[in-house]
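Listed here are the chains, written in short residue letters.
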Amino acid sequence: MGRVISIFNQKGGVGKTTININLSACLAKRNAKILIIDNDPQGNSTSGVGVNKSEIESSLYDVLVDEIDPKNAVVSTEYENLFVLPSNVDLAGAEIELSSLDRREYRLKRAIDLLRNDYDYIFIDCPPSLGLLTINALIASDSILIPIQCEYYALEGVSSLINTFNLVKKNLNKSLEIECVVLSMFDGRTNLSTLVMEEVRAHFGDKVLETAIPRNVRLAEAPSYGMPIIYYDPYSTGAYAFKKLAREFWRRRSS
């Protein structure tokens with residue numbers, strides 16, 4: 001049975017989608033069968049793996065609102081072992097349409113229960129807000145991966161994030177865990193990045209992965225070509241970091 005992990009932080013611009021796409025691609029290259037669920041109306045995880053949002057026949061919106069079979073909405077990417085349940089702008093209306101439906105918080109869980117046995121890992125890319133889409137993701141997940149950027153306001157909102165996690169765990173999903181914390185936008189040349197890293201490690205302890213994702217121009221360019229970094233520029237600093245991150249993640253899950 002596949003493990004379901006939400007990539008979650010209520011703060012925007014912390015690297016959720018970058019981590020989702022590239023960690024997924026690296027694990028897929030290690031022969032794990034991976035499904036990305038794009039739970040963000042912006043659809044960046046969809047386009048980031050080369051799927052044209054305007055050409056998809058069914059999306060996460062159809063799964064959540066119309067309850068179509070999620071297996072009919074999953075799309076193969078051109079990368080081996082990597083699949084996506086795509087989204088587009090239609091998903092923006094799902095919050096309103098779901099609000100009047102019975103057991104609206106459990107729609108994504110019901111869909112994922114039909115998909116779990118087909119994949120080793122299912123990663124959910126959450127929007128940077130605490131709405132019905134995010135609550136659906138947290139209820140459907142076994143754990144959360146928290147990206148935190150190495151910048152001045154890094155820990156701003158973390159207490160709110162943990163409070164949300166605890167509320168969901170207490171009232172809606174008692175088995176929810178913190179999978180790990182990933183530091184992003186790291187710049188080893190600055191004291192600030194090092195200080196933030198130390199603060200995050202003090203706060204989360206061994207949940208913080210040793211591998212930090214650096215700022216990297218090639219990593220920033222890759223999504224515009226619809227390619228994970230390991231395919232866009234496999235010898236770049238960003239590709240090296242994500243390969244290392246995937247190895248560390250794999251070892252943790254295997255131990």
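This structure is a prediction, so every number in the text was calculated from the model and none was measured.

1. What about a positive patch on the surface?
Residues Lys 29, Arg 30, Lys 243, Lys 244, Arg 247 and Arg 251 make up a contiguous surface patch of positive charge. Looking at which element gives the most residues to the positive patch, the answer is helix H11 (residues 237-254), with 4 residues. Within the secondary structure, Arg 247 is located in helix H11.

2. Points about the sheet that holds strand S3 (residues 75-76)
Where strands meet in a sheet, backbone hydrogen bonds hold them as pairs that are either parallel or antiparallel. The 7 strands are arranged S3-S4-S2-S5-S1-S6-S7 in an open sheet whose pairing can be described as mixed. Two strands in the sheet have a free side with no partner beyond their single neighbour: S3 and strand S7 (177-184). One ladder, built from 4 bridges, connects strand S2 (residues 34-38) with strand S4 (residues 82-85); its direction is parallel. Paired with Leu 35 across the two strands is Phe 83, which belongs to S4. Together, strand S6 (143-149) and S7 form the strand contacts of helix H8 (residues 191-204), whose direction differs from that of S7 by roughly 175°.

3. Comments concerning the pairing of strand S1 (residues 3-7)
Of all the 5 residues making up S1, 5 are buried; the element is thus mostly covered by neighbouring parts of the structure. Here S1 shows two buried faces, one formed by Arg 3, Ile 5 and Ile 7 and the other by Val 4 and Ser 6. Note: S1 against strand S5 (residues 121-125), 5 bridges, orientation parallel. Looking at the pairing, Val 4 lines up with Ile 122 of S5.

4. Here we look at H8
Over its 14 residues, H8 runs 20 Å from end to end, which matches the ideal 20 Å to within 8%, given 1.5 Å per residue. Here H8 has its buried residues at Ser 193, Val 196, Met 197, Val 200 and Phe 204. Looking down the long axis of H8, one finds its buried residues gathered within 105° of arc, a one-sided arrangement. Along H8, the residues that are exposed and aim more than 90 degrees away from the buried face are Asn 191 and Ala 202. The inward-facing, buried residues of H8 contact S6, helix H7 (158-171) and S7.

5. Observations concerning the pattern of salt bridges
Scanning the model with the defined rule gives 12 salt bridges in all. Among the salt bridges present, the one from Asp 142 reaches Arg 116, with a minimum N-O distance of 3.0 Å. With Asp 142 in the loop between helix H6 (132-140) and S6 and Arg 116 in the loop between helix H5 (107-113) and S5, this residue pair connects regions lying 26 residues apart in the sequence. Shared partners join several salt bridges into a network, and the residues in it are Arg 3, Glu 177, Glu 179 and Arg 253.

Basis of the calculations
Residues numbered from 1 in each chain as written. Predicted model: local features only at pLDDT ≥ 70, side-chain atom pairs only at ≥ 80, totals over all residues. Heavy atoms only, no water. Patch = residues over 30% accessible without salt bridge, like charges linked within 9 Å, V, L, I, M, F, W, Y side chains within 5 Å. Areas by Shrake-Rupley, 256 points an atom, 1.4 Å probe, with all protein chains shown as cover. Salt bridge = Lys/Arg side-chain N within 4 Å of Asp/Glu carboxyl O. Lys, Arg positive; Asp, Glu negative; His and termini not counted. Charge placed at Lys NZ, Arg CZ, Asp CG, Glu CD. Helix = DSSP H or I, 4+ residues; strand = E, 2+ residues; numbered from the N terminus. Pairing = 2+ DSSP bridges. Contact = heavy atoms within 4.5 Å. Axes fitted to C-alpha atoms, helices over the stretch in contact; angles between N-to-C directions. Buried < 20%, exposed > 50% of the residue type's maximum accessible area, 1.4 Å probe, protein only. Expected span 1.5 Å × (residues − 1). Arc of directions from axis to C-beta.

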